[in-house]
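Examination of the molecular architecture
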Amino acid sequence: MKIRVAKSAGFCWGVKRAVNIAIEAVKRSKGKAYCLGELIHNRREIERLKKLGMEFVEDVESLEAGSTVIIRSHGVAPQVFSCLKERGLEVVDATCPFVKEVQDKAVKLEEEGYPVLILGNPKHPEVEGIAGHVKNPIIVSSLEELRELPQFLKLGVVCQTTLSSGFFREAVSLLALKAKELKVYNTICKATAIRQKEAKELASQVDVMLIVGGKNSSNTTKLYQISKSVNERSYHIESKEEIELSWFEGAEVVGITAGASTPQWVIEEVVAYLRFLAKGGSNSGRGVCQAVGG
Ligand code: SF4
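Remember, predicted model here, so these are calculated numbers, not experimental data.

**Remarks on the nonpolar core**
Within soluble globular proteins, side chains that are nonpolar tend to cluster in buried spots. Counting residues in each nonpolar core, the largest one holds 31 residues, and the members touching the most others are Leu210, Ile243, Phe248, Ile256 and Leu274. Those elements that provide at least two residues to this core are helix H8 (190-205), strand E10 (208-212), strand E12 (253-258) and helix H10 (264-278). The element that contributes the greatest number of residues to this core is H10, accounting for 8 residues. Excluding residues that lie within four positions of it along the chain, Leu210 makes contacts with Tyr235, Ile237, Ile243, Trp247, Phe248, Val254, Gly255, Ile256, Thr257, Val270 and Leu274. One finds Ala33, Leu39, Leu49 and Ala191 within the second-largest nonpolar core, a separate group that totals 22 residues.

As structure tokens, then:
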């Protein structure tokens with residue numbers, strides 16, 4: 001069984017940067033170091049960071065002045081920054097510069113008089129952060145919602161950095177009929193676009209695809225959906241423990257990709273495990289004991 005790993009699988013530049021900034025902040029912090037929300041959407045990496053001393057909180061109410069608070073790569077609304085500073089907390093900003101760019105573009109559109117529409121998941125922290133930068137954001141996550149929008153004289157559009165390019169294309173063509181004047185910034189991050197393109201290509205060339213990453217990771221889930229759309233035998237896993245031998249029956253080539261929030265060490269574990277299976281190893285501990293031909 002041959003294993004092919006997508007070239008850009010795993011941490012993107014922004015996530016790598018955020019993790020490094022956060023680890024440095026923990027080392028330097030005199031008091032406790034907290035991350036506001038999960039630093040990245042990957043349960044296993046979060047566990048590793050906890051062992052290094054990082055604590056994760058959802059709100060800042062209980063934090064003591066003088067503590068360090070890390071802002072993750074998704075960014076936050078300006079009001080959150082002010083609130084942290086008012087409370088005497090030391091803020092370490094690990095917002096990805098590409099996310100900052102989206103926030104700035106949304107502000108610019110508003111200053112130019114465009115109502116701002118954000119294409120993305122309203123519950124995703126990155127979208128919440130972008131939305132917090134403008135007064136009356138319209139957040140839309142589906143084509144159905146877009147169809148129900150009224151007509152606009154002017155409309156400015158930005159999108160979540162991990163949006164699928166297919167959805168973006170369809171959304172923009174629908175919006176073109178909804179506004180007399182439409183200004184669109186394609187703010188899909190290059191890292192996302194590259195991973196999605198690679199996932200589609202690889203999925204169409206292999207027998208089975210494994211997409212590795214958090215089930216709560218938006219970009220990993222999108223990779224899975226894209227892969228599944230071209231290869232029915234696509235599986236989204238968080239770790240090697242979820243792998244089922246039956247997935248590989250008759251498979252000669254297995255493709256692996258991973259979301260931008262999946263650390264390299266998790267991908268390596270999966271690859272090593274597949275190699276082990278390909279050599280005739282078994283995952284009998286899980287009640288399955290069938291070798292995959294090498
Ligand atoms: S996917 Fe792009 S925008 Fe998001 S953290 Fe990575 S580099 Fe930054």
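**Examining the domain arrangement of the chain**
Note: interface size is frequently given as the accessible area lost on complex formation between the parts. Split into domains, the chain comes out as domain 1 (2-9 + 191-286), domain 2 (13-96) and domain 3 (98-188). Taken together, the contact between domain 1 and domain 3 spans 6 residues of the former and 8 residues of the latter. Seen at the junction of domain 1 and domain 3, the total is 0 salt bridges. Run the count over domain 1 and domain 3 and you get 4 residue pairs in polar contact (both at pLDDT 80 or more). Split into classes, the residues belonging to the side of domain 1 that touches domain 3 amount to 1 nonpolar, 4 polar and 1 charged.

**Digging into the packing of aromatic side chains**
Aromatic ring pairs are defined here through the distance separating the ring centres and the angle between the ring planes. Overall, the coordinates contain 4 aromatic pairs when judged by the stated rule. Each ring, one from Trp13 and one from Phe98, has its centre 5.5 Å from the other, and the planes form 55°; the classification is tilted. You can see Trp13 sitting in helix H1 (residues 13-28) and its partner Phe98 sitting in helix H4 (residues 97-111), a full 85 residues away along the chain. Residue class for Phe98 comes out partly exposed when judged on its relative accessible area of 39%. Ring geometry for Tyr235 versus Trp247: centroids 4.0 Å apart, planes at 5°, classification stacked. Note that Tyr235 is positioned in strand E11 (residues 234-237) and Trp247 in the loop between E11 and E12, a separation of 12 residues in sequence. Judged by relative accessible area, which is 22%, Tyr235 ranks as partly exposed. Residue class for Trp247 comes out buried when judged on its relative accessible area of 13%. Put simply, the rings of Tyr235, Trp247 and Phe248 pair up and form one aromatic cluster.

**Digging into the site of the ligand**
Near the ligand the following residues occur: Cys12, Gly14, Cys96, Phe98, Val99, Thr161, Cys189 and Thr192. Spatially, the ligand is embedded in the largest pocket.

**Re the sheet that holds E11**
Read from one edge of the open sheet, 4 strands run E1-E12-E10-E11, paired in parallel fashion. One side of each edge strand has no neighbouring strand; the edge strands of this open sheet are strand E1 (2-5) and E11. Recorded for the sheet is a direction-independent mean angle of 20° between the axes of neighbouring strands. Where helix H9 (residues 218-230) meets the sheet, its contacts fall on E10, E11 and E12, and the angle it forms with E11 comes to roughly 165°.

**Thoughts on the sheet that holds strand E2 (residues 33-36)**
One open sheet holds the 4 strands; their spatial order is E3-E2-E4-E5, and the pairing between them is parallel. Because the sheet does not close on itself, it has two edges, and the strands there are strand E3 (55-57) and strand E5 (90-93). Across the sheet, the mean angle separating the axes of adjacent strands is 30° when strand polarity is ignored.

**Looking at the state of the cysteines**
Summed over all chains, the structure comprises 0 disulfides. Free cysteine: Cys159, not disulfide-bonded; nearest cysteine sulfur from Cys189 at 10 Å. Relative accessible area serves as the criterion here: at 0%, Cys159 is assigned to the buried category.

Cut-offs and rules
- Residues numbered from 1 in each chain as written.
- Predicted model: local features only at pLDDT ≥ 70, side-chain atom pairs only at ≥ 80, totals over all residues.
- Heavy atoms only, no water.
- Core = buried A, V, L, I, M, F, W, Y, C linked by side-chain atoms within 4.5 Å.
- Buried < 20%, exposed > 50% of the residue type's maximum accessible area, 1.4 Å probe, protein only.
- Helix = DSSP H or I, 4+ residues; strand = E, 2+ residues; numbered from the N terminus.
- Contact = heavy atoms within 4.5 Å.
- Domains from an automatic or database assignment.
- Salt bridge = Lys/Arg side-chain N within 4 Å of Asp/Glu carboxyl O.
- Polar contact = N/O pair within 3.5 Å; in protein donor to acceptor, adjacent residues only side chain to side chain.
- Nonpolar A, V, L, I, M, F, W, Y, C, P; charged D, E, K, R; others polar.
- Phe/Tyr/Trp six-rings, centres within 6.5 Å; stacked < 30°, edge-to-face > 60°.
- Near = heavy atom within 4 Å.
- 1 Å grid on protein atoms, 1.4 Å probe; cavity = no way out; pocket = protein on both sides within 12 Å on 5 of 7 lines; lining within 4 Å.
- Sits in = over half its atoms within 2 Å of the grid points.
- Pairing = 2+ DSSP bridges.
- Axes fitted to C-alpha atoms, helices over the stretch in contact; angles between N-to-C directions.
- Disulfide = S-S within 2.5 Å.

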